[in-house]
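Observations on the model geometry
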Amino acid sequence: MEYFSKIEKSLARLYKKWSGKISHSIIPLPNSGSGRMYYRIFEQRESVIGVYNHNKSENEAFFHFTEQFLKNRINVPQIFQVSENKHFYLISDLGNTTLFDRIKNENNIFNDDLILFYKRVIQELIRMQVIAGKNFDYSHAFPFKEFNKEAILFDLNYFREKFLDSLNIKYNDLKLRKDFNTLANEALMSNSEYFMFRDFQSRNIMIFENEPYFIDYQGGRKGPLSYDLVSLLYQAKAQMTENIRELLMNYYMDTAQLFVPLNKNEFKKDYNTFALIRVLQTLGAYGLRGIIEHKKHFIESIPYAVNNLMLINQKAEIIKKVPELKEIIERIFLLEFDYNE
């Protein structure tokens, strides 16, 4: 507890420096999958969020991206104060309700109101990617400035190491690396001149005053349009049906066409390729946080991600070009995952 109390004291000092007031209480918020620690800091009826993150480069990416988004009127938290060492900072309190919470409240039933809200989110995503992303400065991006081959292979090898190896799934290493290269080269054929949020999913979308607000974009980089849409529509525990995915993908394409030239057939092909890459990366994260670190939420998410992988395996044209990976995916389907493990 001493370690946490030092963090709380540092945040209390930062709060006093910013507001001139002494905080009434500092309450830790539930930790997710990151190394960042969040606290709600109260002073009577007012509150802000205090953040501690030892990764200075990641923090600087967040600060720099936030400044650019706010200039373009994108709904993101305001930054009130940053410590001299840049390990602590204060941001606006957007409440407790995420889009994922709303999905759960609707029992994963995508009714008209929820679909309408998703369309609102998609509108803002396009504004973020195209309008804010038009002259975006990536000089502080971390750990990658663009979704290049190195970044794609990093995600694919993350899946190999954290998921396949953790479950002791056997594979031919040379053949799998060859398939990863094929998959990366296919992905790089897509136009990658836009802002890529990187983890654009419902847990990173707050609902504040009935508007979507976006958080946790510090891993953003220059990249393709379709990756973030895939991240939103293939989030494992959202359990979105294929017909709703199709509806929202078509809405995205129709809306994006108002801002950028877009060939729908090429977009759909890229979309399925990035869907495969994204779900493999997600399984890597679930392997680390769930299988290795034994965090319940991530273990519970694995079967849903595998179901998504099964759907993508049937649709993505690139599957025909990656035989070792295809065989591995088919073996993953045969594994049994316990939701209550």
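Anything mentioned here points back to the structure above.
Note that the structure is predicted; figures quoted are calculated from it, not measured. (Residues numbered from 1 in each chain as written. Predicted model: local features only at pLDDT ≥ 70, side-chain atom pairs only at ≥ 80, totals over all residues. Heavy atoms only, no water.)

Let's talk about the overall build of the protein
Across its full length, the protein carries 11 helices and 9 strands. Taking 20 Å as the expected radius of gyration for a compact globule of 341 residues, we find that the protein reaches 20 Å, a close match to that expectation. C-alpha extents for the protein along the principal axes are approximately 60 × 45 × 40 Å. Per-residue burial over the protein gives 55% buried out of 341 residues. (Helix = DSSP H or I, 4+ residues; strand = E, 2+ residues; numbered from the N terminus. Rg over C-alpha atoms; globule rule 2.2 N^0.38 Å. Buried < 20%, exposed > 50% of the residue type's maximum accessible area, 1.4 Å probe, protein only.)

Brief notes about the environment of Glu-46
In this structure, Glu-46 sits in strand S3 (residues 46-52). Separated by 78 residues in sequence, Glu-46 and Glu-124 place their C-alpha atoms 28 Å apart. In this structure Glu-46 touches Lys-21 and Ile-41, once residues within four positions along its chain are discounted. (Contact = heavy atoms within 4.5 Å.)

Re a nonpolar patch on the surface
Together, Ile-131, Leu-258 and Phe-259 make up a nonpolar patch on the protein surface, roughly 320 Å² of accessible area in all. Considering the arrangement of structural elements, one finds Ile-131 in helix H4 (residues 112-132). A relative accessible area of 38% places Ile-131 in the partly exposed class. (Patch = residues over 30% accessible without salt bridge, like charges linked within 9 Å, V, L, I, M, F, W, Y side chains within 5 Å. Areas by Shrake-Rupley, 256 points an atom, 1.4 Å probe, with all protein chains shown as cover. Salt bridge = Lys/Arg side-chain N within 4 Å of Asp/Glu carboxyl O.)

Let's talk about empty space enclosed by the protein
Counting across every chain of the model gives 1 cavity of 30 Å³ or more. For the largest cavity, the calculated volume is near 30 Å³. Lining the largest cavity, in full, are Glu-242, Arg-245, Glu-246, Met-249, Tyr-271 and Lys-315. At 4 residues, the largest contribution of residues to the lining of the largest cavity is made by helix H8 (residues 242-256). The residue inventory of the lining of the largest cavity, partitioned by class, reads 2 nonpolar, no polar and 4 charged. (1 Å grid on protein atoms, 1.4 Å probe; cavity = no way out; pocket = protein on both sides within 12 Å on 5 of 7 lines; lining within 4 Å. Points joined across faces, edges and corners; volume = space filled by probe spheres on them. Nonpolar A, V, L, I, M, F, W, Y, C, P; charged D, E, K, R; others polar.)

Here's the deal with unusual backbone geometry
Trans is the prevailing form of peptide bonds, just as negative phi is the prevailing case for residues other than glycine. With an omega of 0 degrees, the peptide bond between Phe-142 and Pro-143 qualifies as cis. Within the secondary structure, Pro-143 is located in the loop between H4 and helix H5 (149-164). If you check the backbone angles, Arg-198 has positive phi at about 90 degrees while not being a glycine. Relative to the elements of secondary structure, Arg-198 occurs in the loop between strand S6 (194-196) and strand S7 (205-208). Taking relative accessible area as the criterion, Arg-198 reaches 12% and is therefore assigned buried. Positive phi is not limited to glycine here, since Gln-239 has a value of about 55 degrees. Of note, Gln-239 is situated in the loop between helix H7 (226-233) and H8. Classification of Gln-239 by relative accessible area gives partly exposed; the value is 35%.

Quick notes on the packing of H5 against helix H6 (residues 173-187)
For the pair H5 and H6, the least separation of the axes is 9 Å and the interaxial angle reads 140 degrees. With respect to each other, H5 and H6 are oriented oblique. As H5 packs across H6, the resulting crossing turns out to be right-handed. Between H5 and H6, the residues in contact are Lys-149, Ile-152, Leu-153, Leu-156, Asn-157, Phe-159, Arg-160 and Leu-164 and Asp-173, Leu-176, Arg-177, Phe-180, Asn-181, Leu-183, Ala-184, Asn-185 and Ala-187, respectively. Its residues assigned to classes, the contact of H5 with H6 comprises 10 nonpolar, 3 polar and 4 charged. (Axes fitted to C-alpha atoms, helices over the stretch in contact; angles between N-to-C directions. Parallel < 35°, antiparallel > 145°, perpendicular 65-115°, else oblique. Left-handed = near helix turned anticlockwise from the far one by under 90°.)

Digging into the pattern of salt bridges
Using the criterion set out here, one finds 25 salt bridges in the structure. The structure contains a network of salt bridges with shared partners spanning Arg-120, Glu-124, Arg-127 and Glu-211.

What to know about the packing of aromatic side chains
Throughout the structure, instances matching the rule amount to 29 aromatic pairs. Relative to Phe-195, the ring of Phe-65 lies with its centre 5.7 Å away and its plane at 90 degrees, an arrangement referred to as edge-to-face. Here Phe-195 lies in strand S6 and Phe-65 lies in helix H2 (residues 56-71), a separation of 130 residues in the sequence. Classification of Phe-65 as buried rests on a relative accessible area of 0%. (Phe/Tyr/Trp six-rings, centres within 6.5 Å; stacked < 30°, edge-to-face > 60°.)

Everything listed here is a matter of geometry and, on its own, says nothing about what the molecule does.
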